[in-house]
Amino acid sequence: EDQVTQSPEALRLQEGESSSLNCSYTVSGLRGLFWYRQDPGKGPEFLFTLYSAGEEKEKERLKATLTKKESFLHITAPKPEDSATYLCAVRGGGGNKLTFGTGTQLKVEL
Amino acid sequence: EAQVTQNPRYLITVTGKKLTVTCSQNMNHEYMSWYRQDPGLGLRQIYYSMNVEVTDKGDVPEGYKVSRKEKRNFPLILESPSPNQTSLYFCASSLSISTDTQYFGPGTRLTVL
């Protein structure tokens, strides 16, 4: 059974204070690791997909990386508008479904 | 505007009263899916559909039904709701099962008394 664990559960940063969110996973035959952003009262918004170890993707202040056992979402010089819950999900080789982690709630303060 | 819509957005009902949550997408997507989101448990897939008339169970299908008679619509049916189905529900769609970008609807907050 595919499993996804995200840490920390919550993170409070000062504006400009860079940090990383972790997503550890176990899956048989990774067919994609996904990062989403979710704002309160809204549906998740797609950020990145990574397929193989060593792959990296960037978007503005966010950079996602992937190893064989975990993924990191690096946030460089965050701003208050980056405050959200960040979700990680995997699609394994055993089927077509996505397995989500419980998310990291990020708050960036002035 | 490309979007996934859900109705209703909020619903309070009583145990045993059948209800349907509608989901519609205007992007001609083949793949559609339903999730429920509960504190501490994350998003869990209920059912998904790879195309018209093709549906399959996700992780937590018990107590739910779906149908896919048209490409754009994927309603979620609770024939006899129970309090443990109180949750936040999301519909999602993507061009195909293997496409990166999955678009989520705004969510339906359901309370079963």
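Quick summary incoming for the structure in this document. What you see as residue numbers is a count from 1 along each chain, following the sequence as written. Numbering of ligands from 1 and lettering of chains from A proceed in the order in which they are written. The model is predicted, so local features are restricted to residues of pLDDT at least 70 and side-chain atom pairs to those at 80 or more, both for listing and for counting; the totals for chains, interfaces and linings are taken over all residues. Calculation of side-chain values draws on the structure's entire complement of heavy atoms; hydrogens and water are dropped beforehand.

Topic: the overall build of chain B
In step 1: Elements are defined by DSSP. Helices are runs of H or I of four residues or more, strands are runs of E of two residues or more, and each kind is numbered from the N terminus. From N to C terminus, chain B includes zero helices and 11 strands.
In step 2: Along its sequence from the N terminus, chain B presents helices and strands in the succession β-β-β-β-β-β-β-β-β-β-β.
In step 3: Each radius of gyration reported is based on C-alpha atoms, and the globular scaling rule is 2.2 Å times the count of residues to the power 0.38. Here the C-alpha radius of gyration of chain B, 13 Å, is about what a compact globule of 113 residues would show, namely 13 Å.
In step 4: Projected onto its principal axes, the C-alpha positions of chain B cover 35 × 30 × 25 Å.
In step 5: Between two residues, a contact is recorded if the distance between any of their heavy atoms is within 4.5 Å. A separation threshold of at least 6 residues defines the contact pool for chain B, and within that pool the share at least 24 residues apart is 54%.
In step 6: Positive residues here are Lys and Arg, negative ones are Asp and Glu, while His and the chain termini are left out of the count. All charge positions are set by atom: Lys at NZ, Arg at CZ, Asp at CG, Glu at CD. Put simply, chain B has 12 plus and 10 minus side-chain charges, and the middle of one group is 7 Å from the middle of the other.

Describing the overall build of chain A
In step 1: In terms of helices and strands, chain A carries zero helices and 11 strands.
In step 2: Over its C-alpha atoms chain A spans a radius of gyration of 13 Å, differing by no more than 12% from the 13 Å that the globule rule assigns to 110 residues.
In step 3: Out of the 110 residues belonging to chain A, those deemed buried represent 45%.
In step 4: A separation threshold of at least 6 residues defines the contact pool for chain A, and within that pool the share at least 24 residues apart is 55%. Classification of residues uses two cut-offs on accessible area relative to the type maximum, computed with a 1.4 Å probe and protein chains only: under 20% is buried, over 50% is exposed, and between them is partly exposed.

Quick word on the packing of aromatic side chains
All names here are of chain B.
In step 1: Pairing of aromatic side chains requires ring centres within 6.5 Å, counting the rings of Phe and Tyr and the six-membered ring of Trp. Pairs whose planes differ by under 30 degrees are stacked, by over 60 edge-to-face, and all others tilted. Summed over the entire model, instances satisfying the criterion amount to nine aromatic pairs over all chains.
In step 2: Ring centres 5.5 Å apart and planes at 35° place the aromatic pair Y35 and F104 in the tilted group. With a gap of 69 residues between them, Y35 in strand β4 (residues 31-38) and F104 in strand β10 (residues 103-104) connect regions that are remote in the sequence.
In step 3: Given a relative accessible area of 0%, Y35 falls into the buried group.
In step 4: Ring geometry for F90 against F104: centres 6.4 Å apart, planes inclined by 80°, an arrangement best described as edge-to-face.

Overview of the state of the cysteines
In step 1: Count a disulfide wherever a pair of cysteine sulfur atoms falls within 2.5 Å. In total, this model carries two disulfides over all chains according to the counting rule given.
In step 2: Residue pairing for C23(A): its cysteine sulfur links by disulfide to C88(A), the two sulfurs lying 1.9 Å apart. With the S-S bond torsion at -65°, the cross-link from C23(A) to C88(A) turns out left-handed. Here C23(A), found in strand β3 (residues 19-26), pairs with C88(A), found in strand β9 (residues 84-91); they are 65 residues apart in sequence, far enough to count as distant. Assigned by exposure class, C23(A) and C88(A) land together as buried.
In step 3: Two residues, C23(B) and C91(B), share a disulfide whose sulfurs are 1.8 Å apart. Taking the torsion about the sulfur-sulfur bond, which here is approximately -70°, the covalent link between C23(B) and C91(B) counts as left-handed. Of this pair, C23(B) sits in strand β3 (residues 19-25) while C91(B) sits in strand β9 (residues 87-94), placing them 68 residues apart in sequence.
In step 4: The class for C23(B) is buried, based on a relative accessible area of 2%.
In step 5: For C91(B), a relative accessible area of 0% puts it in the buried group.

What to know about the interface of chain B and chain A
In step 1: Contacts between chain B and chain A engage 21 residues on the former and 19 residues on the latter.
In step 2: Any carboxyl oxygen of Asp or Glu that lies within 4 Å of a side-chain nitrogen of Lys or Arg is treated as forming a salt bridge with it. In this structure, the connection of chain B to chain A is made through zero salt bridges.
In step 3: Pairs of N or O atoms are called polar contacts if they sit within 3.5 Å, as long as, within protein, a hydrogen donor faces a hydrogen acceptor (for residues adjacent in sequence, only side-chain-to-side-chain pairs). Joining chain B to chain A, the criterion identifies one residue pair in polar contact (both at pLDDT 80 or more).
In step 4: Among the elements that take part in the side of chain B that touches chain A, strand β5 (residues 42-51) of chain B stands out by supplying five residues, more than any other.
In step 5: Each residue is assigned to one of three groups, with Ala, Val, Leu, Ile, Met, Phe, Trp, Tyr, Cys and Pro labelled nonpolar, Asp, Glu, Lys and Arg labelled charged, and all others, Gly among them, labelled polar. When grouped by side-chain class, the residues that make up the side of chain B that touches chain A number 10 nonpolar, eight polar and three charged.

Regarding the environment of Q3(B)
In step 1: Along the polypeptide, Q3(B) turns up in the segment before β1 (4-7).
In step 2: With sequence-adjacent residues up to four places away left out, Q3(B) is seen in contact with S24(B), Q25(B), N26(B) and M27(B).

Comments concerning the pattern of salt bridges
In step 1: Counting across every chain of the model gives eight salt bridges over all chains.
In step 2: R37(A) is the salt-bridge partner of D39(A), the closest N and O atoms lying 3.0 Å from each other.
In step 3: On the accessibility criterion, D39(A) (22% relative accessible area) is partly exposed.
In step 4: Residue K57(A) is joined to E55(A) by a salt bridge in which the shortest nitrogen-to-oxygen separation is 3.9 Å.
In step 5: Each of R36(B), D38(B) and R44(B) takes part in a single network of salt bridges with overlapping partners.

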